[in-house]
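Listed below are the residues making up each chain.
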Amino acid sequence: MDVLEKLYSAGNRMHRILARRQRIEGARVLSIGNLTTGGTGKTPAVIYFSRLLRPEFPRQAVLSRGYGGKRQRDRFLVSDGQTLMMESTESGDEPYLLAANLPGVPVAVGSNRLRNAQRLKEQFGTELFLLDDGFQHYRLFRDADVVLIDATNPFGSGHLLPRGILREPPENLKRADCVILTKCDLLPSAELEELRERVQKLSDLSHIFLSRHAIRGLVRIPHDYFPGHKPDLQSTELLRHESVWALSAIGNSRAFEAMLQRAGAAQVRSLSFRDHHDFSERDVGMLLDQVKPYDIVVTTEKDYTRLRRHLDKLHKWRQFYYLKIEIEILDNEILLKEGIKAKLMA
């Protein structure tokens, strides 16, 4: 561990020790987070848990940091559950995506998630808060911590930030109440079992859950985007035996490209940018120069939220889609639900 890693680790540890966790009276908090920077699938997981727990907790809200958003300081609601009240440039792409996919669930952004929780409780009577990217957020008390680990790149090089992608050491998984390995279908079974055993030892949990990002279909761009809108899904059969451009700016672009290959694409050509990249006019010009109008281009739904403002130029692409995915638990989903419910109800 080099000097910068040691400083980062010490700062994180002191922050955790000194933080005074406060509970929101009359509400429960479920945190969904990870150990690394980006790429584990937190956004699909927040959507999954919101839907899973809706029968028991109908009055929900999402609390997000809003990474990359340029909102005005006095605004905090991305959605009141019915209407999108910010663009993705204001809120950040992930909160915007959550708001569009969770009708009836208010979504708030801001670094002071405790204050936003208090506002939401007062305004909507919220009884369950979903704390997006919350494992390293210590100010708000949580009733359960779910940690996601990308099976294709669980701990990066094993180094902490800024040298590696780890936010804290893997041994800190002992704070987790539940660990889910994501993208398990992209890993050979022997490697997956080895990783599962390693994570089980690190976390001291009796069970480690497996999941995959299940493809639900392709959505042709452009399309309407608001809470509750159900897009017209097209089969991924249209990719079969075709050459496809994979356009993404996410934490693990290789996993996205692998999904397109598994969907049947004969060749996947990469158009990848760094995570949360803010697509500029120059980027769009470069893309239009590189990709022909009738080539097949597939992006992620998260990237679509940022590309929407350039659709007046990108309409030249006649076969432009985003991939609709949902997280799918591969084993013991009932155990997962009942375990999380028990923690929240305790």
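Our subject is the structure that appears above.
What counts and how
- Residues numbered from 1 in each chain as written.
- Predicted model: local features only at pLDDT ≥ 70, side-chain atom pairs only at ≥ 80, totals over all residues.
- Heavy atoms only, no water.
- Helix = DSSP H or I, 4+ residues; strand = E, 2+ residues; numbered from the N terminus.
- Buried < 20%, exposed > 50% of the residue type's maximum accessible area, 1.4 Å probe, protein only.
- Phe/Tyr/Trp six-rings, centres within 6.5 Å; stacked < 30°, edge-to-face > 60°.
- Axes fitted to C-alpha atoms, helices over the stretch in contact; angles between N-to-C directions.
- Parallel < 35°, antiparallel > 145°, perpendicular 65-115°, else oblique.
- Left-handed = near helix turned anticlockwise from the far one by under 90°.
- Contact = heavy atoms within 4.5 Å.
- Nonpolar A, V, L, I, M, F, W, Y, C, P; charged D, E, K, R; others polar.
- Core = buried A, V, L, I, M, F, W, Y, C linked by side-chain atoms within 4.5 Å.
- Pairing = 2+ DSSP bridges.
- Expected span 1.5 Å × (residues − 1).
- Polar contact = N/O pair within 3.5 Å; in protein donor to acceptor, adjacent residues only side chain to side chain.

(A) How the structure looks around unusual backbone geometry. Look at the link from leucine 161 to proline 162: it is a cis peptide, with omega at 5 degrees. With respect to the helices and strands, proline 162 occurs in the loop between β6 (144–150) and β7 (178–182). Each neighbour pair has its own omega, and for isoleucine 221 with proline 222 the value is 5 degrees, a cis peptide bond. Tracing the backbone through its elements, the reader meets proline 222 in the loop between β8 (209–220) and β9 (233–234). A positive phi is found at aspartate 204, a non-glycine position, where the angle reads about 65 degrees. With respect to the helices and strands, aspartate 204 occurs in the loop between α6 (189–203) and β8. If you check the backbone angles, asparagine 332 has positive phi at about 55 degrees while not being a glycine. Positionally, asparagine 332 belongs in the loop between β13 (319–329) and α11 (333–345). For asparagine 332, a relative accessible area of 42% puts it in the partly exposed group.

(B) Just the packing of aromatic side chains, in detail. A full pass over the atoms with the stated rule returns six aromatic pairs. Look at tyrosine 225 and tyrosine 304: their rings are 5.6 Å apart centre to centre, the planes differ by 90 degrees, and that puts the pair in the edge-to-face class. Highlighted residues: tyrosine 225 in the loop between β8 and β9 and tyrosine 304 in helix α9 (residues 301–307), separated in sequence by 79 residues. Comparing tyrosine 225 with tyrosine 304, the two get one shared label, buried.

(C) Fine view of the packing of helix α2 (residues 42–53) against helix α4 (residues 93–101). Contact pair α2 / α4: the axes reach a minimum separation of 10 Å and the direction vectors enclose 30 degrees. With respect to α4, the axis of α2 lies roughly parallel. Here the hand of the crossing between α2 and α4 comes out right-handed. Counting all contacts with α2, which are made through Thr43, Val46, Ile47 and Arg51, the residues of α4 involved are Glu94, Leu97, Leu98 and Asn101. Residue composition of the contact of α2 with α4, grouped by class: four nonpolar, two polar and two charged.

(D) Layout of the nonpolar core. Of all hydrophobic cores here, the largest spans 56 residues; its most connected members are Leu30 and Phe49. No other element matches α2, which puts seven residues into this core. Judged by nonpolar contacts, the second largest core, of 21 residues, contains Ala151, Leu166, Cys184 and Leu187.

(E) Focus on the pairing of β7. In terms of residue burial, β7 counts as a mostly covered element, since five of its five residues are buried. Every second residue of β7 is oriented toward a common face, with Cys178, Ile180 and Thr182 on one face and Val179 and Leu181 on the other, all of them buried. With five bridges joining them, β6 and β7 adopt parallel strand pairing. Looking at β7, one finds that valine 146 is bridged to cysteine 178. Pairing of β7 with β8, which is carried by two bridges, proceeds in the parallel orientation. Along β8, the bridge assignment pairs isoleucine 180 with phenylalanine 209.

(F) Geometry of α4. Burial analysis of α4 places nine of its nine residues in the buried class, the great majority of the element. Three or more residues of α4 are buried, namely Asp93, Glu94, Pro95, Tyr96, Leu97, Leu98, Ala99, Ala100 and Asn101.

(G) Representation of α2 in the model. In this model α2 runs 16 Å from its N-terminal to its C-terminal C-alpha over twelve residues, within 8% of the 16 Å that 1.5 Å per residue would give. In terms of residue burial, α2 counts as a mostly covered element, since eleven of its twelve residues are buried. Listing the buried residues of α2 in full gives Lys42, Thr43, Pro44, Ala45, Val46, Ile47, Tyr48, Phe49, Ser50, Leu52 and Leu53.

(H) Broad picture of the environment of proline 162. Residue class for proline 162 comes out exposed when judged on its relative accessible area of 56%. Once you skip the residues sitting within four places of it in the chain, proline 162 turns out to touch Leu4 and Glu5.

(I) Spotlight on the side chain of arginine 196. With respect to the helices and strands, arginine 196 occurs in helix α6. When its relative accessible area of 14% is taken as the criterion, arginine 196 is described as buried. One polar contact links arginine 196 to histidine 207, side chain to side chain, over a distance of 3.3 Å. Residues contacting arginine 196, with those up to four places away along its chain left out, are Leu181, His207, Ile208, Leu210 and Asp331.

(J) The arrangement of the environment of arginine 75 in detail. Mapped onto the secondary structure, arginine 75 falls in the loop between β2 (60–64) and β3 (77–79). Distance from arginine 75 to threonine 126, taken between C-alpha atoms, is 19 Å for residues 51 residues apart in sequence. Among residues more than four places away in sequence, those in contact with arginine 75 are Met85, Met86 and Glu90. In terms of polar contacts, arginine 75 uses its side chain to reach the side chain of glutamate 90, at 2.6 Å.

By themselves, these observations are geometric and do not establish any function.
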